[in-house]
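Architecture and fold: a report
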Amino acid sequence: MSEHTLSLRIIKDRGFKTLVILFSFITIVPLLFILFHIIKNGIGVINWQFLTSLPKPVGEVGGGIANAIVGTFILIVMSCMLSIPLGVSAGIYLSERREGWLASLVRLSVDILQGIPSIVMGILAYAWVVLSLGTFSAFSGSVALGIMMLPIIVRSTEETLKLIPEMLKEASLSLGVPYYRTVLRVILPAGASGIVTGILLSVARVAGETAPLLFTAFGSPFMDVNIFKPVNSLPLVIFNYATSPYPSWHQLAWGASLVLVGMVLTLNFSAKLVTKRWKVQF
Amino acid sequence: MESTILTIEDFSAYFGTNQVLNNVNLSVAQKKVTAIMGPSGCGKTTLIRCINRMHELVPAAQVSGRILLHDKNLYSMNPIIVRRKIGMVFQKPNPFPTMSIYDNVIAGYKLNGIRIGKREKDEIVEESLKRAALWGEVKDNLHRKGTFLSGGQQQRLCIARALAMHPEILLLDEPTSALDPKATAHIEELIAELKKQVTIIIVTHNIAQAARISDFTAFIYLGELVEYGTSEKMFTVPKDKRTEEYLTGKFG
């Protein structure tokens, strides 16, 4: 090989490396911009009063998002209660039975479910729950969010449990431990970190969803903990305030955005921490 | 001949259409060490997994014939009961990674939801670890994770875990194949000690090991029991030509 082609190759090599590093760096730029923008606009509104008081009518100064924070919390807890038992069970089933028509059907449905737009979930929950109960409610919102969480929980449970060595199951069964106890007391604890991580990520995923809540939880200016009444939530507050014509409400929307983004980031960091801390060494 | 604890009668095993064991007949003497040896893939592991019905974990597994523990057919009992009477130790040490050494030893009780008092637990743990010759090394660290131990110690922990259930028979599936020579020697000494109290069936593809530790040896080749008898005879004057060829290293 001549001196010339060799040096050309070295230049190409360097160019490629630079490009990859540059592009990787560009991927973090949007996040940095979002954080910067939200913090810049939102930090000014955030104070104790903003976090603990109810919204005020237009024209009045102040007002906060206490009901939206509580509402978001209610929605998340309820959607977890709906989706975790279903999702973890389905994940156990899929990891234990890798073939068979039911397993493939479940796997396919879960994959398709993941791709369904969130607004469709909202319409679905509207048709099922809101129409049959005759009212917008926190419960209907939780159904919509719960369905959105399902695929993430199912898949993360399945993938986690698949990685647990077969010999662990054998160790338990060879002690005369029945199958269901083996799953509940050996396999699930060994996979706990992965399952919890999946749940946290699914919560982070739906915490900011607006579309499924538009015609389910609906929003409310009051503090209401009745799950069969409309309830406010952070994404709804942001949506309503940001689309209003009042500059003071735009400010509140920024503040609410900051709270929401802070929450999602915390969830993501907790997920990382759980993965690290609870890691089981086989 | 000594009293028989386990009788295998006209026993065949299949995975789907693939026959792995062909008409095996074998009686195992109580409180002796019986070694099952043979080349890889001959069906020896399948045979001992059939004894505590662990082979049933493979979906298409089927068997014909009988295995009697004393006079009761294992295949008409509930597998959960069978496995409590017949303990097993596997090729690779597999302590429960989420449990301490202490909890690993009483795992059989804990996981089965058998309620026992703290004192009884302590006694079972100490006794089992002593029987597995591990007590001295771990008695000050009982509440550390079992996975911090060395491979040989982990394997002895697994033996202690099996012994804690007071099985009548202990199945060892190539228990030393993942261990270094020193840990192997340790386990072999342990087996010699254990046979005073429990019947041991050990699968090994190490001919020398079978000769060192067993009272009886079965040689399995291509799913057939070729020869079975006292180890003394088998290793000095084998009856079957295939046994002789295997022992002299002509194949295997």
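Residues numbered from 1 in each chain as written. Chains lettered and ligands numbered in written order. Predicted model: local features only at pLDDT ≥ 70, side-chain atom pairs only at ≥ 80, totals over all residues.

With that settled, consider the overall build of chain B. In terms of regular secondary structure, chain B is built from 11 helices and 10 strands. The dimensions of chain B, computed from C-alpha atoms along their principal axes, are 55 × 40 × 35 Å. Intrachain contacts of chain B at a sequence separation of at least 6 include 69% that bridge at least 24 residues. (Helix = DSSP H or I, 4+ residues; strand = E, 2+ residues; numbered from the N terminus. Contact = placed C-beta atoms within 7 Å.)

A count of helical and extended segments in chain A gives 12 helices and 0 strands. What you see in chain A, going N to C, is helices and strands ordered as α-α-α-α-α-α-α-α-α-α-α-α. Its C-alpha radius of gyration of 24 Å places chain A more than 25% over the 19 Å reference for a compact globule of 282 residues. Across its three principal axes, chain A shows a C-alpha extent of roughly 70 × 70 × 35 Å. (Rg over C-alpha atoms; globule rule 2.2 N^0.38 Å.)

This part takes up the packing of helix 4 (residues 101-115) of chain A against helix 6 (residues 138-162) of chain A. All names here are of chain A. Between helix 4 and helix 6, whose axes approach to 8 Å, the crossing angle comes to 135°. By the angle class used here, helix 4 and helix 6 are oblique. Handedness of the helix 4/helix 6 crossing: left-handed. Across from Val110, Leu113 and Gln114 in helix 4, the residues of helix 6 making contact are Leu150, Pro151, Val154 and Arg155. (Axes fitted to C-alpha atoms, helices over the stretch in contact; angles between N-to-C directions. Parallel < 35°, antiparallel > 145°, perpendicular 65-115°, else oblique. Left-handed = near helix turned anticlockwise from the far one by under 90°.)

It is common to give the size of an interface as the accessible area lost on bringing the parts into contact. On the chain A side, the residues contacting the 21 residues of chain B number 19 residues. Listed by contribution, the elements that provide at least two residues to the side of chain B that touches chain A are helix 2 (79-85), strand 6 (86-89) and helix 4 (107-112) of chain B.

All names here are of chain B. A positive phi is found at alanine 133, a non-glycine position, where the angle reads about 55°. Looking at where alanine 133 falls in the secondary structure, it is placed in the loop between helix 5 (118-131) and helix 6 (135-138). By the C-beta count within 10 Å, which is 17 here, alanine 133 ends up partly exposed. Positioned with a positive phi, glutamate 174 is a non-glycine residue whose angle comes to about 45°. (Buried ≥ 20, exposed ≤ 12 C-beta atoms within 10 Å, placed from the backbone.)

Let us look at helix 5 of chain B. All names here are of chain B. In this model, helix 5 (14 residues) spans 20 Å end to end at C-alpha, consistent with the 20 Å of a helix rising 1.5 Å per residue. For helix 5, the set of buried residues is Ile124, Val125, Ser128 and Leu129. Down the axis of helix 5, the buried side of the element spans an arc of 115°, and every buried residue falls inside it. Turned more than 90 degrees off the buried face of helix 5, the exposed positions are Arg119, Glu120 and Glu123. (Expected span 1.5 Å × (residues − 1). Arc of directions from axis to C-beta.)

Now for the nonpolar core. All names here are of chain B. Membership of the largest hydrophobic core comes to 75 residues, with the highest contact counts inside it found for Ile36, Ala160, Leu171 and Ile201. Per-element accounting of this core gives the leading share, 6 residues, to helix 7 (residues 151-163). Contact partners of isoleucine 201, with chain neighbours within four places excluded, come to Val28, Thr34, Ile36, Ile48, Ile51, Ile169 and Leu171. (Core = buried A, V, L, I, M, F, W, Y, C linked by C-beta atoms within 7 Å.)

Attention now goes to the domain arrangement of chain A. Residue and element names in this part refer to chain A. Domain boundaries in chain A define domain 1 (3-42) and domain 2 (49-277). Once you take the C-alpha centre of each, domain 1 and domain 2 turn out to be 34 Å apart. On the domain 2 side, the residues contacting the 4 residues of domain 1 number 5 residues. Looking at the side of domain 1 that touches domain 2, its residues break down into 2 nonpolar, 2 polar and no charged. (Domains from an automatic or database assignment. Nonpolar A, V, L, I, M, F, W, Y, C, P; charged D, E, K, R; others polar.)

Attention now moves to the sheet that holds strand 2 (residues 18-29) of chain B. Residues and elements named next belong to chain B. With antiparallel pairing, 4 strands are arranged side by side in an open sheet as 2-1-4-5. Strand pairing shows two members of the sheet lacking a second neighbour, strand 2 and strand 5 (72-73), which therefore form its edges. Bridge count between strand 1 (residues 4-15) and strand 4 (residues 61-69): 8 bridges; the pairing is antiparallel. By the bridge assignment, serine 12 is partnered in strand 4 with serine 64. Relative to strand 2, helix 1 (residues 44-51) is tilted by about 65°, and along the sheet it contacts strand 1, strand 2 and strand 4. (Pairing = 2+ DSSP bridges.)

Before going further, it helps to spend a moment on the pairing of strand 10 (residues 224-230) of chain B. All names here are of chain B. Strand direction decides the pairing type here: strand 9 (residues 216-221) and strand 10, joined by 6 bridges, are antiparallel. Each residue of the ladder has a partner; that of alanine 218, found in strand 10, is tyrosine 228. If you look at the hairpin formed by strand 9 and strand 10, you'll find 2 residues sitting between the two strands, and leucine 222 has a positive phi there, around 50°.

Right, let's talk about the confidence of the model for chain B for a bit. Chain-level pLDDT for chain B is 92 on average; 99% of the residues reach the 70-or-more range. Interface scoring of the predicted complex returns ipTM 0.90; its pTM is 0.85. (pLDDT = per-residue confidence, 0-100.)

Right, let's get into helix 8 (residues 181-194) of chain B. Residues and elements named next belong to chain B. Relative to the 20 Å expected for 14 residues at 1.5 Å per residue, helix 8 spans 20 Å between its end C-alpha atoms, a close match to the ideal helical length. Buried within helix 8 are the following residues: Ile187, Ile191 and Leu194. Angularly, the buried residues of helix 8 cover 65° about the axis, an arc narrow enough to put them on a single face. Helix 8 presents Pro181, Lys182, Glu189, Ala192 and Glu193 as exposed residues on the side facing more than 90 degrees away from its buried surface.

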